[in-house]
Amino acid sequence: MKEDFPKTLLEMERRFSSVEACRRYLEQLRWPGGFECPACAGTEAWPMASGLWLCSGCRR
Ligand SMILES: [Zn+2]
């Protein structure tokens with residue numbers, strides 16, 4: 001049991017980093033020239049924990 005914990009944690013980290021890498025890849029496909037807000041065409045946004053982006057211009 002003691003030896004399983006770090007192994008599981010490592011696998012979790014690996015999976016998380018691959019999910020993050022996948023998300024970044026999809027974002028690049030979706031916004032090849034960078035983020036663009038569909039509501040106000042702003043190009044600045046903050047990533048949220050849910051994986052969505054919050055536009056800094058209109059807060060959508
Ligand atoms: Zn916007």
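Our subject in this report is the structure included herewith.

### Describing the pattern of salt bridges
Stage number 1. Under the counting rule described, the total for this entry stands at one salt bridge.
Stage number 2. Its salt-bridge partner being arginine 23, residue glutamate 20 comes within 3.2 Å of it at the nearest N-O pair. One end of the pair, glutamate 20, and the other, arginine 23, are both in helix α1 (residues 4-30), three residues apart, so they sit about a helical turn from each other.
Stage number 3. Assessed through its relative accessible area of 31%, arginine 23 is described here as partly exposed.

### A look at the environment of valine 19
Stage number 1. Structurally, valine 19 is set in helix α1.
Stage number 2. Owing to a relative accessible area of 41%, valine 19 belongs among the partly exposed residues under this scheme.
Stage number 3. Sequence separation of valine 19 and threonine 8 is 11 residues, and the distance between their C-alpha atoms is 16 Å.

### Describing unusual backbone geometry
Stage number 1. Of note in this structure, alanine 41 is not a glycine but carries a positive phi near 65°.
Stage number 2. Along the chain, the position of alanine 41 falls in the loop between α1 and β1 (45-47).
Stage number 3. For alanine 41, a relative accessible area of 44% translates into the label partly exposed.
Stage number 4. Of note, arginine 59 is a non-glycine position whose phi angle comes to about 65°, a positive value.
Stage number 5. Considering the arrangement of structural elements, one finds arginine 59 in the segment after β2 (53-55).

### Quick word on the coordination of the zinc ion
Stage number 1. Every protein donor of the zinc ion is listed here as Cys37 (SG), Cys40 (SG), Cys55 (SG) and Cys58 (SG), and their distances to the metal cover 2.3 Å.
Stage number 2. One can describe the site at the zinc ion as tetrahedral: its four donor atoms subtend angles covering 102 to 115° at the metal.
Stage number 3. Spacing between the donor residues of the zinc ion along the chain follows C-x2-C-x14-C-x2-C.
Stage number 4. By relative accessible area, cysteine 55 is classed as buried at 0%.
Stage number 5. Taking relative accessible area as the criterion, cysteine 58 reaches 29% and is therefore assigned partly exposed.

Reading guide: rules and limits
Residues numbered from 1 in each chain as written. Predicted model: local features only at pLDDT ≥ 70, side-chain atom pairs only at ≥ 80, totals over all residues. Heavy atoms only, no water. Salt bridge = Lys/Arg side-chain N within 4 Å of Asp/Glu carboxyl O. Helix = DSSP H or I, 4+ residues; strand = E, 2+ residues; numbered from the N terminus. Buried < 20%, exposed > 50% of the residue type's maximum accessible area, 1.4 Å probe, protein only. Donors = N, O, S within 2.8 Å, 3.2 Å for Na, K, Ca; no water. Tetrahedral: all angles 85-135°; square planar, octahedral: opposite > 155°, others 65-115°.

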